[in-house]
Amino acid sequence: MSLSLTPIDTVGHITKEDFINNYLKPRKPLIIRKATQSWPALQKWTFDYLKEAVGDKTVPLYNSSKADPAKPINASAAEMKFGDYIDLIQTQPTDLRIFLFDPIKHAPKLLDDYRSPTDLMGGFLDKYPNMFFGGKGSVTFLHYDIDLAHIFHTHFNGRKHVILFENKWSERLYKIPFATYALEDYDIENPDFKKFPALDGIEGQEAILEHGDTLFMPTGYWHWMKYLDGSFSISLRAWDSSWGIKAKSLYNLTIQRKFDDIMKKNFKTSYMNWKEKLAVKRAGKALAAGKP
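Cut-off values and rules
- Residues numbered from 1 in each chain as written.
- Predicted model: local features only at pLDDT ≥ 70, side-chain atom pairs only at ≥ 80, totals over all residues.
- Heavy atoms only, no water.
- Helix = DSSP H or I, 4+ residues; strand = E, 2+ residues; numbered from the N terminus.
- Rg over C-alpha atoms; globule rule 2.2 N^0.38 Å.
- Buried < 20%, exposed > 50% of the residue type's maximum accessible area, 1.4 Å probe, protein only.
- UniProt positions renumbered as here; feature names shortened; annotations may be inferred.
- Expected span 1.5 Å × (residues − 1).
- Bend = angle between axes of the 7 residues up to and from the residue.
- Salt bridge = Lys/Arg side-chain N within 4 Å of Asp/Glu carboxyl O.

The number of helices and strands found in the chain is six helices and 14 strands. On C-alpha atoms alone, the chain measures out to a radius of gyration of 19 Å, which is about the 19 Å that the 2.2 N^0.38 rule sets for 292 residues. Along the three orthogonal principal directions, the C-alpha set of the chain runs to about 50 × 45 × 35 Å. For the chain, buried positions account for 48% of its 292 residues.

Here we take up the UniProt feature "domain: JmjC" (unreviewed entry) in the chain. UniProt's feature table lists "domain: JmjC" (unreviewed entry) at residues 105-255, given in the numbering used throughout. Structurally, residues 105-255 comprises 10% helix and 32% strand, and the distance from its first C-alpha atom to its last is 28 Å.

Another aspect to go through is helix H6 (residues 243-288). The periodicity of an α-helix, 3.6 residues per turn, causes residues three or four places apart in sequence to face the same way. Taking 1.5 Å per residue, 46 residues should reach 68 Å; H6 reaches only 33 Å between its end C-alpha atoms and comes up short. Taken as a whole, H6 carries its principal kink of about 120° at phenylalanine 267. Positive phi shows up at glycine 290, right after H6, with a value of about 70°.

This model, assessed by the stated rule, comprises twelve salt bridges. Between aspartate 145 and arginine 237 there is a salt bridge, with its nearest N and O atoms 2.9 Å apart. Remark: arginine 237 occurs in strand S14 (residues 231-238) and aspartate 145 occurs in the loop between strand S8 (139-143) and strand S9 (150-156); sequence separation between them is 92 residues. The two residues aspartate 145 and arginine 237 agree in class, both being buried. With its nearest N and O atoms 2.8 Å apart, the salt bridge here joins lysine 275 to aspartate 260. Taking the relative accessible area as the measure of exposure, aspartate 260 reaches 6% and is therefore buried. What emerges from the salt-bridge pattern is a single network uniting Asp145, Asp147 and Arg237.

Here is the structure:
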């Protein structure tokens with residue numbers, strides 16, 4: 001019993017035509033090793049540089065503990081000065097991560113240090129792209145992004161293990177109803193197939209990202225990430241051209257999220273238990289039916 005994981009396609013450079021025809025249109029992941037060659041950030045974005053640029057801001061930190069149903073989904077586990085956190089992840093393993101604090105908002109000069117890959121596609125969204133920081137051993141739980149954007153995820157100053165799955169595997173991954181994350185009771189890196197049999201035979205892709213690598217993740221792709229070193233990444237997001245995907249994104253961000261928030265607020269643990277049981281039931285049905 002096992003997952004079926006194959007390497008993510010990797011290139012040094014790629015033409016727009018090749019990217020659109022072989023990766024964007026078929027929605028297939030790709031790693032571009034040299035997409036950042038023209039970025040000043042490739043050399044400038046050291047830990048010391050970011051500490052100096054951002055200053056002594058207090059940041060929320062997140063760990064790998066299972067979400068508390070009585071708290072909002074993005075409730076932080078701790079707080080720390082940004083500079084102290086950067087020192088921490090350089091010197092020791094920790095499961096603490098930053099993902100809802102954007103250094104670029106506090107240091108706009110960082111905007112000059114990277115380039116959106118507009119030579120490959122259009123539709124980029126964020127004036128202030130997302131940045132993510134993690135200590136050695138910290139894990140980003142298995143999920144897909146609620147807004148269904150395409151993502152260009154570039155990594156810096158270390159290594160990160162990435163596992164991806166197409167959205168068609170959602171039920172077999174024990175997707176939580178009314179959410180875009182999976183049941184948190186299994187370790188996708190080393191699953192217990194007897195306890196979670198629907199995971200057996202699921203097809204995915206994996207890679208180790210290194211400094212300067214850019215991962216293209218198409219809309220709706222499930223992703224799990226583990227920091228092998230204290231390091232950080234930046235994600236640039238772009239709309240899919242499909243109006244159906246845009247409509248689903250709007251639904252996720254408004255109706256689905258609002259409904260889920262109301263139910264969690266009012267029913268807390270009983271609601272979360274019901275959702276987890278339903279995820280297990282749906283996974284079993286998908287496995288029995290041979291889906292996807």
